[in-house]
Amino acid sequence: MSARVLAAATAVTLLATGVPAPATAAPVTTAPAAAAPAAAPVPCPRLPAPKISRPPRPTPPATTPEQAAVGGEALAGTGLVTPPGSPAPPAVTATTWLVADLDTGAVLGACGPHVPGTPASTQKLLLAATMLSRLNPRQVAVATRADLDIEPGSSAVGLLVGGRYTVETLWLGLLLQSGNDAANMLARLGAGSAQAGVAEMNAQARRLGAGQTHAVTPSGLDGPGQFTSAYDLALIARACFADAAFRRYALTERTQIPAQPALKKGGFQIQNENQLIYRYPGALGGKTGFTELARHSYVGAAQRDGRRLVVTLLGAEARPVRGWQQGAQLLDWGFRQPRDASVGRLVEPGERDAEAAEPRPAAAAQPSRTASPPWRGPAGTALQRIGDGDWRVIVPTAGLLALTVGGVVAVLAARKGRSGRRGRRRA
């Protein structure tokens, strides 16, 4: 009986002093859910094109996920993207293309819009978007030998060293005849040299949000590291068509290159090479392009029922359908879309720079989840804290335990004395 009394007293003491305390446990980590496999890109409708011999295609710079998603996540793929329920777009030989609304910026459909491509002479639109506002169209400038330093056999207006030309004549030579000599001269007049002009073009591309565009030549003649995309060309074209002078130049059917009496050379006429302005109702103009490396590139715009659309395409073949005709077919398809149709949008000039300049808020610290300590009961918790060396529990527990044990001993001694007296009376 004395042992049972002592055990009970000890348990009472521990119950009185035991206060549950939180136990430290390792954070519970949750494994991230496995990402769903990406859907295969929808192939773009393609026309069979004849096999051609072309120089080796250069390796473009890697496209970052951020660049690929400019204008909307739907535009990040390499395949076809169209509004739900829309009719299938026409089959073309272009490797990438895009159709957008010039006014609202809505992208109506695209095929690999952020896939890098080689621009050829559609790059002259970037020159126009950069230099049109800088140059007085009435300014008269003299052509230099460096202005005429272009690839033999490439497109040229026919400028003469020492010839005197107005800036407006140079713009018409650039956009109607795709003059590489005019491109060099305009870049020089706008920035001091052709290469300085290229640097200004690249700065303008960044301002417009065309982050995949890198110019190496003012004209679009091939150069190492020179790339653009169908999406970027749409941004550049939108900036061009916002300029009244560009719209007038792009719709000009023919113009006269003036005679040069001091050089004893007569004048001559040039015609607009963009067949869209002659054959497509509502055409607003655009730009053709071709090199052996880039193949055919094209930018065209048109208006119908108060709506203005632009089409851009890269890497096309002229057979069985010429580049401008492929553009016309894609414009027809775009005009059949509802006015609210969209798979993305064209970013506004300066928008991406503003986003990059905004400070990014620090990610909020996520509170770590800890496992709940196993329930030990008051006595078990007290014993755990004693084992951990917690003097706030050890001292009072020891004191109470000593008092309790002392009390129990006194009780037992008293009981023993009474028992002895009773034993003597029985004897």
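Conventions used here
- Here, residues in each chain are numbered from 1, in the same order as that chain's written sequence.
- Owing to the predicted nature of the model, reporting of local features is limited to residues with pLDDT of at least 70; listing and counting of side-chain atom pairs is limited to 80 or more, with chain, interface and lining totals taken over all residues.
- Side-chain calculation: all heavy atoms of the structure are included, whereas hydrogens and water are not.
- In this description a helix means any DSSP run of H or I spanning at least four residues, a strand means any run of E spanning at least two, and both kinds are numbered starting from the N terminus.
- A helix is expected to span 1.5 Å for every residue after the first.
- Summary of the burial criterion: residues with accessible area below 20% of their type's maximum are buried, those above 50% are exposed, and those between are partly exposed, where the area comes from a 1.4 Å probe applied to protein chains only.
- Directions are taken from the helix axis to each C-beta atom, and the arc is the one they span.
- Residue contacts are counted whenever heavy atoms from the two residues lie within 4.5 Å of one another.
- Using a grid of 1 Å spacing that covers the protein atoms alone, one calls a set of points a cavity when a 1.4 Å probe fits there but cannot get out, and a pocket when the set is open and has protein on both sides within 12 Å along at least five of seven lines; lining residues are those with an atom within 4 Å of a point.
- Grid points are joined across faces, edges and corners, and a volume is the space filled by probe spheres set on the points.
- Charged means Asp, Glu, Lys or Arg here, nonpolar means Ala, Val, Leu, Ile, Met, Phe, Trp, Tyr, Cys or Pro, and polar covers whatever is left, Gly included.
- Any Lys or Arg side-chain nitrogen found within 4 Å of a carboxyl oxygen on Asp or Glu counts as a salt bridge.
- For our purposes a nonpolar core is just a set of buried Ala, Val, Leu, Ile, Met, Phe, Trp, Tyr and Cys residues, chained together by side-chain atoms within 4.5 Å.
- The criterion for a disulfide is a pair of cysteine sulfur atoms lying within 2.5 Å.
- We call two N or O atoms a polar contact when they sit within 3.5 Å, provided that within protein one can donate a hydrogen and the other can accept it, with sequence-adjacent residues counted only if both atoms are side-chain atoms.

Engineer: Sorry, what's going on with helix H6 (residues 194-208) here?
Structural biologist: Note on helix geometry: an α-helix contains 3.6 residues per turn, so any two residues three or four positions apart are oriented the same way. End to end, H6 covers 21 Å across 15 residues, agreeing with the expected 21 Å (1.5 Å per residue, within 8%). Residues Gly-197, Val-198, Met-201, Asn-202, Gln-204, Ala-205 and Leu-208 constitute the buried set of H6. Along the axis of H6, the buried residues cluster in a sector spanning 160°; they form a single face. Of the residues in H6, the exposed ones pointing more than 90 degrees away from the buried face are Gln-195 and Arg-206. Packed against the buried residues of H6 are helix H3 (124-131), helix H5 (180-191) and helix H7 (230-241). Of the residues flanking the end of H6, it is Gly-209, one or two places downstream, whose phi is positive at about 95°.

Engineer: What is the right way to look at the layout of surface pockets in this model?
Structural biologist: With a probe scaled to a water molecule rolled over the atoms, the places where space remains empty come into view. Estimated volume of the largest pocket: approximately 510 Å³. As for the largest pocket, its lining consists of 28 residues, and the residues nearest its centre are Thr-288, Gly-289, Phe-290, Thr-291 and His-296. Among the elements that make up the lining of the largest pocket, the one with the highest residue count is strand E8 (residues 283-291) (five residues). A class-by-class count of the residues in the lining of the largest pocket yields six nonpolar, 16 polar and six charged.

Engineer: I'm lost on the pattern of salt bridges in this one. Help?
Structural biologist: Should their charged atoms come close, side chains of opposite charge can pair. A full pass over the atoms with the stated rule returns eleven salt bridges. Between Glu-348 and Arg-238 there is a salt bridge, and its shortest N-O distance comes to 3.2 Å. Note that Glu-348 is positioned in the loop between strand E11 (344-345) and helix H11 (351-357) and Arg-238 in helix H7, a separation of 110 residues in sequence. With a closest N to O distance of 2.4 Å, Arg-345 and Glu-351 form a salt bridge. Using a relative accessible area of 38% as the deciding quantity, one classes Arg-345 as partly exposed. For Glu-351, a relative accessible area of 16% corresponds to the buried category. Salt bridges sharing common partners tie together Glu-292, Arg-295 and Glu-317.

Engineer: Help me understand the nonpolar core, please; the structure alone is not making it clear to me.
Structural biologist: Membership of the largest hydrophobic core comes to 61 residues, with the highest contact counts inside it found for Trp-171 and Phe-246. Apart from the residues lying within four places of it in its own chain, the contact partners of Phe-246 are Leu-125, Ala-128, Leu-132, Leu-175, Cys-240 and Phe-241.

Engineer: I would appreciate a short explanation of the state of the cysteines in the present structure.
Structural biologist: Covalently bonding the sulfur atom of one cysteine to the sulfur atom of another cysteine gives a disulfide. The tally for this structure, following the rule as stated, stands at one disulfide. The disulfide that involves Cys-44 links it to Cys-111, with 1.9 Å between the sulfurs. Between Cys-44 and Cys-111, the S-S torsion sits near 105°, and that sign places the bridge as right-handed. Taken as a pair, Cys-44 in the loop between helix H1 (2-17) and helix H2 (65-68) and Cys-111 in strand E3 (residues 106-111) lie far apart in primary sequence, 67 residues in all. The same class applies to Cys-44 and to Cys-111, which are both buried.

Engineer: Sorry if this is basic, but what is going on with the side chain of Ser-178 here?
Structural biologist: Its location among the elements puts Ser-178 in the loop between helix H4 (167-177) and H5. When its relative accessible area of 4% is taken as the criterion, Ser-178 is described as buried. Within the structure, the side chain of Ser-178 is placed 2.9 Å from the side chain of Lys-287, a separation counted as a polar contact. If near-sequence neighbours (up to four positions away) are discounted, Ser-178 is found in contact with Ser-121, Lys-124, Ser-155, Gly-173, Glu-273 and Lys-287.

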